[in-house]
Amino acid sequence: MQEAYVGGYWNEIAGFIRSLFNSTFKTNPYLDRAIMTVITRVSRESFSSDLNNLVVVTTTSDAYADSFGFTQGEVTAALEEYGLSENEPNVKAWYDGFAFGRFKGIYNPWLILNYLKSEKFAAYWANTSSNSLVGKLIRESSSGIKMRMEDLLKGNSFHAQIDEQLVYDQLDGNESAVWSLLLASGYLKVVCYEEKMTQFGEWVQDYELAITNFEVKTMFQGMVRGWFGMSNADYNDFIKTLLQGDIDGLNVYMNRVAEEIFSSFDTGMRVSRRSEPERFYHGFVLGLLVELNGRYVITSNRESGFGRYDVQLEPQSTEDDAILIEFKVRNPKKEQDLEDTLRNALEQIETKGYAAGLRQRGIKDRRIRKYGFAFEGKKVLIG
C-alpha cells in the first residue's frame, strides 16, 4: 500500500484490498480471529467499513506496550550473555528510543539480534526497506517540514499535534499528517505529550517529537545524500569545491542542483515571508555539510560580533581554514541584480563582525574564508 501511494496506483490497490478484507474477515466462515499490523488506522481507510469489531492498538496505547520489542532489562541480559556488556552505552545510543504508551526504552528485536550476531554497529532496520514513502514526503514537502528535519538532524525536538487516525490520502499538503506517519512508522519518538484545551474548547494532544535514535539519524543523512545522487551533479562536488575555494565550481554545482531538484515552492518568494526561501537554502546547505562533521564544528544561527551568522565551520585541525557563510534573497526593491545581493551578503559578514568568535579562539584572519550565497528563485550566485 505504501508503494501504491508512492507509485500512483492508490485507487487500484484500495479497491483490491477492500475486496480482500471483505472476503477474509467478514464472509469467511473458517476464520476465528486475526491480528492485522498496519501503520495507519485501517478503520479510517474505508477498506473496512464492514469490520465493526476492531480493537485498535497504536504506538501511544498502553495495551501490550512492553510486548512490541525487547525491554532494557532483556537487552542488558542478552549483552551480558554474549560478553558485550561494555558496549551497552553504544547499543543504547544506536538502537534505543522506541516508545509504546507509557513504556520507553523498547528495542527493535531485529536490531539487537543482528548486533549480537555481528558485534558491529550498523543500520540494520533502516536498511530493511526502501523508505520510499518517507523520502517522498520529505523531498516533496514544504520548506517548513524541511527546516524541521534540519533541526531534528541537529538533535533538537519540536512540538506537534498528532492525529493517529490520519490516512494516506491526507498526506499531501498536511504537515501534521507527515509527522503522524513518521511517528507511527518508528522514525520519530515521543519525548513527552499532554492533552491541551484550545481557545475554542477542543482537546488536542500536543507531542514533543525527536528522531528515534542514532540509526534512524544515519538513515536520514543517507537519504539526503541520495537525493543529490539522483541528479547529474556529484554530491561530493559541493564539499570538494568548498574546501578548495573553487568559486566557479560552487556556482556550477548549486545552480545545477537547484534546477534539477528544487521546486519553485521551495525557493519561491512570498510576500511578507521573504525569509522562508532563505531558510530553505540555509537548511539545504547544512544538509550538504553533514559530511564534514568531525572535521569541523558546524554551527548555525549563533551570536558572534554584532549579530547572528548563518553558518560557521570551525576547523578541528590547523591545516583547515574556518568558513563563514551568509545567505541572502534578492530584494527587487533594493537590489538591481544578484551581484548587488551578493555584495550585501559579504558586507554583512564584515559589518556585523561575524568572524569575532573565530578570532577569539585564536584563528587568524588569513585562515577565515567568507562566502556569500545570493539567490532568486532557482538562480544562485556565490562569491
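Look above for the structure.
Counting of residues starts from 1 at the beginning of each chain's written sequence and follows it residue by residue. This being a predicted model, a pLDDT of at least 70 is required before a residue's local features are given, and a value of 80 or more before pairs of side-chain atoms are given or counted; all residues contribute to the totals for chains, interfaces and linings. Where side-chain values are given, they derive from all heavy atoms of the structure, hydrogens and water being excluded.

(A) Representation of the side chain of Asp-320 within the structure. For the purposes of this entry, the term helix denotes a DSSP run of H or I that reaches at least four residues, the term strand denotes a run of E that reaches at least two, and both are numbered from the N terminus. With respect to the element layout, Asp-320 can be found in the loop between β9 (311-315) and β10 (322-329). Pairs of N or O atoms are called polar contacts if they sit within 3.5 Å, as long as, within protein, a hydrogen donor faces a hydrogen acceptor (for residues adjacent in sequence, only side-chain-to-side-chain pairs). A polar contact is formed between the side chain of Asp-320 and the side chain of Arg-295, at a distance of 2.8 Å.

(B) A look at the pairing of strand β5 (residues 203-211). Most of β5 sits out of view: 7 of its 9 residues are buried. Think of it this way: DSSP has to see at least two bridges between two strands before they count as a pair. Of the strand pairs in this sheet, strand β3 (residues 158-161) and β5 are connected by 4 bridges, and their pairing is antiparallel. Along β5, the bridge assignment pairs His-159 with Glu-208. Relative to β5, strand β4 (residues 188-197) is paired through 9 bridges, and the arrangement is antiparallel. If you follow Glu-195 over to β5, its bridge partner there is Gln-205. Relative accessible area decides the class of each residue, using a 1.4 Å probe on protein chains only: under 20% of the type maximum gives buried, over 50% gives exposed, and in between gives partly exposed.

(C) Summary view of the environment of Val-191. Assignment of secondary structure puts Val-191 in strand β4. Val-191 gets classed as partly exposed once you look at its relative accessible area, which sits at 36%. When the C-alpha atoms of Val-191 and Lys-104 are compared, they prove to be 9.2 Å apart, with 87 residues separating the residues in sequence.

(D) How the structure looks around the packing of aromatic side chains. In this analysis, rings of Phe, Tyr and Trp, with Trp reduced to its six-membered ring, are considered paired at centre separations within 6.5 Å, and the interplanar angle assigns stacked below 30 degrees, edge-to-face beyond 60, and tilted for intermediate values. Considering all chains together, one arrives at 11 aromatic pairs under this definition. When the centroid spacing of 5.5 Å and the interplanar angle of 70° are considered together, the rings of Phe-21 and Phe-25 count as edge-to-face. Here Phe-25 and Phe-21 lie together in helix α2 (residues 10-26), a separation of 4 residues that amounts to about one turn. Overall, Phe-25 belongs to the partly exposed group, its relative accessible area being 27%. Each ring, one from Tyr-115 and one from Phe-121, has its centre 4.7 Å from the other, and the planes form 25°; the classification is stacked. Look at Phe-121 and you get partly exposed, because its relative accessible area is 28%. One aromatic cluster is present, built from ring pairs that chain together Trp-94, Tyr-95, Tyr-115, Phe-121, Tyr-124 and Phe-214.

(E) Highlighting the nonpolar core. Only buried residues count toward a nonpolar core, which is a set of Ala, Val, Leu, Ile, Met, Phe, Trp, Tyr and Cys residues joined through side-chain atoms within 4.5 Å. Ranked by size, the top nonpolar core spans 50 residues in total, and within it Val-91, Tyr-95, Trp-179, Tyr-187, Leu-209 and Phe-220 carry the most contacts. Tallying contributions element by element places helix α8 (residues 175-185) first for this core, with 5 residues. Two residues form a contact once any of their heavy atoms are found within 4.5 Å. With residues near it in sequence (within four places) discarded, Tyr-95 still touches Tyr-107, Leu-111, Ile-112, Tyr-115, Lys-120, Phe-121, Ala-122, Tyr-124, Asn-213 and Glu-215. Counting 27 residues, the second-largest nonpolar core is a separate cluster that includes Leu-292, Leu-313, Phe-327 and Val-380.

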